[in-house]
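Geometric and topological summary
These are the residues of each chain, in order.
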Amino acid sequence: MRVLVTGGSGFLAAWVMRRLLDKGLSVKAFDLRAGSPLLEALAPERAASVQWASGDIALADDVSRALDGCEAVIHLAGVLTPACALDPVRGAQINLIGTLNVFEAARAAGLKSLLYASSAGVFGPDDGSVPFPQTLYGAFKLACEGAARAYWHDHGIASVGFRPLVVYGAGRETGSSAGPSLACRAAARHERYTIPFSGSTGLVFADDVAAAYEAALFEAPRGAHVFTLAGDIVSVDQVIERIEEIVPGARIDAAGQPLPIATSFPVDPALAELLPGLPHTPLEQGLQQTVAFYR
């Protein structure tokens, strides 16, 4: 199977592509620029086998050319909350129009299903069951979920989207919720760092999210599915305590408002039915691996 991964230069894509390469799959990556230093670090023996296609996810012709010759697509291209707030129109072009371009290219290529990245940003701060975004990023992601349902209804293209909360791990260095990963980097380098938010949130280790995409790739879902990946709901203070246990003397603190996303989510039995046995990396283990990477 040859798989197109959009947003190939990004953090999550590197973790996903590492798993696909470990499976022996042929991987084609699409992004504005070619190459992923993170993938080279995570999979040094296999990263060179990835074929790169350069282009803009907001341009339909670029997406169509990238998908040519591929039998599946994992759509991860997007910009995060700060970029969407800074330039809402460009944010919509990348996150929403880009997703529509991927669905259209998949339809033209005769693909029966695709995988894509949504976000727990579709929820507001009070309710983890009914979407109510308070950021442009979350609003665009919610629109993508609606588009996925429309493509199933109108064209029979099935889809699986994942809504992870705060994804952490090696290489997570941008976005408003990158603080836990950056704290691990700072601790490994014996630097001072302030996590820019407080309160509690869900932390999901990057490889667990990658494993969900890997598992979904080999299913044949019917319908337009979207699943929340909440991870471990913990306070920022607990994260700091765990990092200090891993690196005694670490100089990490936190300041700022809590993230505007709910911290309680109902268990969706459909996830275990469609993708049984997904891994769960305990928080301490995930933080240890992240610190070790930066060391």
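Residues numbered from 1 in each chain as written. Predicted model: local features only at pLDDT ≥ 70, side-chain atom pairs only at ≥ 80, totals over all residues. Heavy atoms only, no water.

**Quick notes on the overall build of the protein**
Just so we agree on the cut-off: For helices the rule is a DSSP run of H or I covering at least 4 residues; for strands it is a run of E covering at least 2, with both sets numbered from the N terminus onward. Restricting the calculation to C-alpha atoms gives the radius of gyration, and the globule rule supplies 2.2 Å times the number of residues raised to the power 0.38. Between buried and exposed lies partly exposed: a residue is buried under 20% and exposed over 50% of the maximum accessible area for its type, with that area taken using a 1.4 Å probe on protein chains only. Note on contacts: a residue pair qualifies if any of its non-hydrogen atoms lie within 4.5 Å across the two residues.
Across its full length, the protein carries 11 helices and 12 strands. A globule of 295 residues ought to have a C-alpha radius of gyration of about 19 Å, and the protein, at 18 Å, matches this closely. In terms of principal-axis extent, the alpha carbons of the protein reach across some 55 × 45 × 40 Å. Within the protein, the fraction of its 295 residues that count as buried is 53%. Considering only contacts within the protein whose residues lie at least 6 apart along the sequence, 77% involve residues at least 24 apart.

**Some remarks on unusual backbone geometry**
A negative phi angle characterises most non-glycine residues, just as the trans form characterises most peptide bonds. Notably, H190 is not glycine yet its phi reads approximately 60 degrees, a positive angle. As for its placement among the helices and strands, H190 is situated in the loop between helix 7 (179-188) and strand 8 (192-195).

**A short note on the sheet that holds strand 5 (residues 113-117)**
What counts, and what does not: Two strands qualify as a pair provided that DSSP identifies no fewer than 2 bridges between them. Lines are fitted to the C-alpha atoms to define the axes, a helix being fitted only along its stretch in contact, and any angle between axes, read from their N-to-C directions, falls within 0 to 180 degrees.
Taken together, the seven strands give an open sheet; going across it, the order is 3-2-1-4-5-6-10, and neighbouring strands pair in parallel fashion. Looking at the sheet topology across the chains shown, the edges are occupied by strand 3 (51-54) and strand 10 (224-229). Strand-to-strand twist in this sheet, taken as the mean axis angle between neighbours without regard to direction, amounts to 20 degrees. Direction of pairing for strand 4 (residues 72-75) relative to strand 5: parallel, over a ladder of two bridges. Residue pairing for strand 5: H75 is matched across the bridge by Y116. Docked against the sheet, helix 5 (residues 88-109) engages strand 1 (2-6), strand 4, strand 5 and strand 6 (158-164), running at close to 175 degrees with respect to strand 4.

**Looking at the pairing of strand 8**
Burial along strand 8 is one-sided: Y193 and I195 are buried, while R192 and T194, pointing the other way, are not. Pairing geometry for strand 8 and strand 12 (residues 251-254), over four bridges, is parallel. What sits directly across from I195, in strand 12, is A254.

**Description of the layout of surface pockets**
Rolled over the atoms, a probe with the dimensions of a water molecule shows which regions are left empty. Selection rule: Only protein atoms enter the 1 Å grid used here. Points where a 1.4 Å probe fits but cannot escape make up a cavity, open sets with protein on both sides within 12 Å along at least five of seven lines make up a pocket, and a residue lines them when an atom lies within 4 Å of a point. Grid points are joined across faces, edges and corners, and a volume is the space filled by probe spheres set on the points. For this classification, the nonpolar set comprises Ala, Val, Leu, Ile, Met, Phe, Trp, Tyr, Cys and Pro, the charged set comprises Asp, Glu, Lys and Arg, and every other residue, Gly included, is treated as polar.
In this model, the second largest pocket occupies a volume close to 600 Å³. Mapped onto the lining of the second largest pocket, the elements with two or more residues apiece are strand 9 (200-205), helix 8 (206-217), strand 10 and helix 10 (269-274). Among the elements that make up the lining of the second largest pocket, the one with the highest residue count is strand 10 (four residues). Here the residues of the lining of the second largest pocket sort into 20 nonpolar, seven polar and four charged.

**Observations concerning the pattern of salt bridges**
For the record, the criterion: For this analysis, a salt bridge means a side-chain nitrogen from Lys or Arg found within 4 Å of a carboxyl oxygen belonging to Asp or Glu.
Using the criterion set out here, one finds 11 salt bridges in the structure. The salt bridge partner of D207 is R18, with a shortest N-O separation of 3.5 Å. A residue pair is termed long-range when its members are at least 10 positions apart, and D207 in helix 8 and R18 in helix 1 (residues 11-22) qualify at 189 residues. Each of the two residues, D207 as well as R18, counts as buried. Across the salt bridge formed by E214 and R19, the nearest N and O atoms sit 2.6 Å from each other. With a gap of 195 residues between them, E214 in helix 8 and R19 in helix 1 connect regions that are remote in the sequence. Classification of E214 by relative accessible area gives buried; the value is 11%. Residues joined by salt bridges that share partners form a network here, namely R18, R19, K23, D207 and E214.

**Here we look at the nonpolar core**
To be explicit about the condition: The set of buried Ala, Val, Leu, Ile, Met, Phe, Trp, Tyr and Cys residues whose side-chain atoms join them within 4.5 Å is what this entry labels a nonpolar core.
Ranked by internal contacts, the top residues of the largest apolar core, which has 70 residues, are F162 and Y213. With nine residues, the top contributor of residues to this core is helix 1. With near-sequence residues (within four places) excluded, Y213 lies in contact with L12, V16, I74, L76, L115, Y116, A117 and F162. In terms of nonpolar packing, the next biggest core, distinct from the first, is built from 22 residues, I94, V102, L114 and V226 among them.

**Here we look at the UniProt feature "domain: NAD-dependent epimerase/dehydratase" (unreviewed entry) in the protein**
Threshold: UniProt positions are given in the numbering used here, feature names are shortened, and annotations may be inferred rather than shown by experiment.
As recorded in UniProt, the sites labelled "domain: NAD-dependent epimerase/dehydratase" (unreviewed entry) are residues 3-219. Between the end C-alpha atoms of residues 3-219 the distance is 14 Å, and the span holds 44% helix and 20% strand.

**Structural notes on the side chain of D62**
Note the threshold: As used in this structure description, the phrase polar contact means that two N or O atoms lie within 3.5 Å; if the pair is within protein, one of them must be able to donate a hydrogen and the other to accept it, and residues adjacent in sequence are counted only when both atoms belong to side chains.
As for its position among the elements, D62 is in helix 3 (residues 60-67). A polar contact is formed between the side chain of D62 and the backbone nitrogen of D56, at a distance of 2.9 Å. Here D62 is in contact with F30, G55 and D56, once residues within four sequence places are set aside.

**Side note on the packing of aromatic side chains**
Let me state the cut-off plainly: In this scheme Phe, Tyr and Trp rings, the latter by its six-membered ring, pair at centre separations within 6.5 Å, and the angle between planes marks the pair as stacked below 30 degrees, edge-to-face above 60, and tilted otherwise. A positively charged side chain is recorded as over a ring if its NZ (Lys) or CZ (Arg) lies within 6 Å of the ring centre. The angle to the ring normal must also be within 35 degrees.
In this structure the tally under the stated criterion is eight aromatic pairs. Aromatic side chains W15 and F205 sit 5.5 Å apart centroid to centroid with 70 degrees between the ring planes, which places their arrangement in the edge-to-face category. Of this pair, W15 sits in helix 1 while F205 sits in strand 9, and the two are 190 residues apart along the sequence. In terms of burial, W15 and F205 fall into one category: buried. Put simply, the rings of W15, Y168 and F205 touch in pairs and so form one group of aromatic residues. The ring of F218 carries the charged tip of K23 above its face, separated from the ring centre by 5.6 Å.

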